[in-house]
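# Coordinates in review
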Amino acid sequence: MTVSPLIWGITIVVILALLAFDYFFHIRKAHVPSLKEAAIWSSIYVGLAVLFGVLVLIFGGGQMGSEYFAGYITEKALSVDNLFVFLIIMASFRVPREDQQKVLLFGIVFSLIARTGFIFLGAALINSFAWVFYIFGLILLLTAGNLLKPGDHGDGQANNFIIRLAKRLFHTTDKYDGDKLFTTVNGKRALTPMLLVMVAIGGTDILFALDSIPAIFGLTQNVFIVFTATAFSLMGLRQLYFLIDGLLDRLIYLSYGLAAILAFIGVKLILHALHENNLPFINDGEHVNVIEITTGLSLSVIIGVLIVTVVLSLISPAGKAQTAINNARRHAVDYLDLDYTADANERERIYRALTAEEAQIVQMPLKYRNKAKDVDKIREQVTEAHRQHEAFLNR
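Every chain is numbered on its own, with residues counted from 1 as its sequence reads. In view of the model being predicted, local features appear only for residues whose pLDDT reaches at least 70, and side-chain atom pairs are presented and counted only at 80 or more, with totals across whole chains, interfaces and linings using the full set of residues. Side-chain numbers here rest on the full set of heavy atoms in the structure, without hydrogens or water.

As annotated in an unreviewed UniProt entry, the protein chain carries the name Tellurite resistance protein TerC and comes from Arthrobacter bambusae. UniProt positions are given in the numbering used here, feature names are shortened, and annotations may be inferred rather than shown by experiment. Recorded under Subcellular location (unreviewed entry), the UniProt text for the protein chain is reproduced unchanged: "Membrane".

So this is what it looks like as structure tokens:
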């Protein structure tokens, strides 16, 4: 189905209006969103995405509707995985909690711009060269393999080449000045860590686009569906970050689930490439009779894999242990970092979360507690957090 320029225009205006609303009504005044605020707005954005999908289903037909929902769910799952990296980057730069919303919104806007460019480039390549499906399929299979490798999500992402180059070429400071991008130090204009963290987020967004765009093109070649599913998957990502902050570490099998989904879509793309084959060294340039995976089957597999992944992660004793230990470490570090936030209520919230996680850890079998990395260092950090809190109360 061909989408008219009018529908394209209305859709783009709606997306830009949502981003503008997010900035002017939520971001301009730095604050830490409450759990209730994050939950309400996350639900609203998911509701808008579902409503848009229903409209696509009604006016575009069952095929278009199924492709949209398959693309949206896949991109949303990949976006949640991206939050791991955002969390690591912001922790590395010690972004004050109340200013993290602005960094996230910048990341979302930059990601939308970068992915839009990749979408139209990918569409042009597909329309001109059918063999691009082979490339996309191989990219997804390689990405799936990388997700299965042991290691922490996004380690080293914050210290990427762009950041090192910026620090070498420009005058930078390690101190934040509210949410300003530039400040004055000793009479000289300097870049603040706020600008650098935005550059780091932007750089990693480009890498994310290289994975996510081939994934959604594996489900549909309709550029309108690819664009809208990608855009709506990014909407509400800021609120989702604060809603599931702390749950991210709990999803210990998420990388395996995403690997399975990307591998499945990669195989689907390669099968489609064989079906459309025109490369002379494959079957003498003739189409290969292979099974083509339907959109309905793709949607079922994606939903099924995500449900199994999340349920297994949540009921796993190892997942519960890892969550409590990781969160205790993070909250102890945040509490000890006096630059983390100037909000007394936020600091009290961190301490309460730390004590609750300690109570959880004490009840766990030793075999799970002892599996944590740097367990002695974590204990030292937690002990020091208690000491400083006691000193604060007695001053």
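Let's pick the thread back up.
This part is about the packing of helix H4 (residues 100-128) against helix H7 (residues 193-217). Only the stretch in contact is used when a helix axis is fitted, and all axes are lines through C-alpha atoms; the angle between N-to-C directions ranges over 0 to 180 degrees. Put simply, DSSP marks the helices as runs of H or I at least four residues long and the strands as runs of E at least two long, and each gets a number from the N terminus on. Contact pair H4 / H7: the axes reach a minimum separation of 8 Å and the direction vectors enclose 35°. Along this stretch, H4 crosses H7, giving a crossing that reads as right-handed. Grouping the amino acids of the contact of H4 with H7 by side-chain chemistry returns 18 nonpolar, five polar and three charged. Two helices cross in a left-handed way if the nearer one is turned anticlockwise from the farther one by less than a right angle. They cross in a right-handed way if the turn is clockwise. Charged means Asp, Glu, Lys or Arg here, nonpolar means Ala, Val, Leu, Ile, Met, Phe, Trp, Tyr, Cys or Pro, and polar covers whatever is left, Gly included.

Let us look at the environment of glycine 65. The topology assignment puts glycine 65 in helix H3 (residues 62-92). Residue glycine 65 is classed as buried on the basis of its relative accessible area of 0%. As for glycine 65 and glycine 53, which are separated by twelve residues in sequence, their C-alpha atoms are 6.1 Å apart. If we skip the residues at most four places from it in the chain, glycine 65 touches Val56 and Leu57. Throughout this description, buried means an accessible area under 20% of the type-specific maximum (1.4 Å probe, protein chains only), exposed means over 50%, and partly exposed covers the range between. In what follows, a contact means two residues having at least one pair of non-hydrogen atoms within 4.5 Å.

Attention now moves to the side chain of threonine 74. Within the secondary structure layout, threonine 74 lies in helix H3. We classify threonine 74 as buried; its relative accessible area is 2%. Setting aside its immediate chain neighbours within four residues, threonine 74 contacts Ala215, Leu219, Ile261, Ile265 and Ile302.

Below, the discussion takes up the packing of aromatic side chains. One pair of aromatic rings is described through two measures. These are the centre distance and the angle between the planes. When two rings of Phe, Tyr or Trp (its six-membered ring) have centres within 6.5 Å they constitute a pair, described as stacked for plane angles under 30 degrees, edge-to-face for angles over 60, and tilted for the intermediate range. Counted according to the given criterion, the structure contains 14 aromatic pairs. Ring centres 6.3 Å apart and planes at 50° place the aromatic pair tyrosine 253 and tyrosine 256 in the tilted group. The class of tyrosine 253 is partly exposed, set by a relative accessible area of 31%. Pairwise contacts between aromatic rings join Trp8, Phe52, Tyr68, Phe69, Tyr72, Phe120, Phe224, Phe227 and Phe232 into one cluster.

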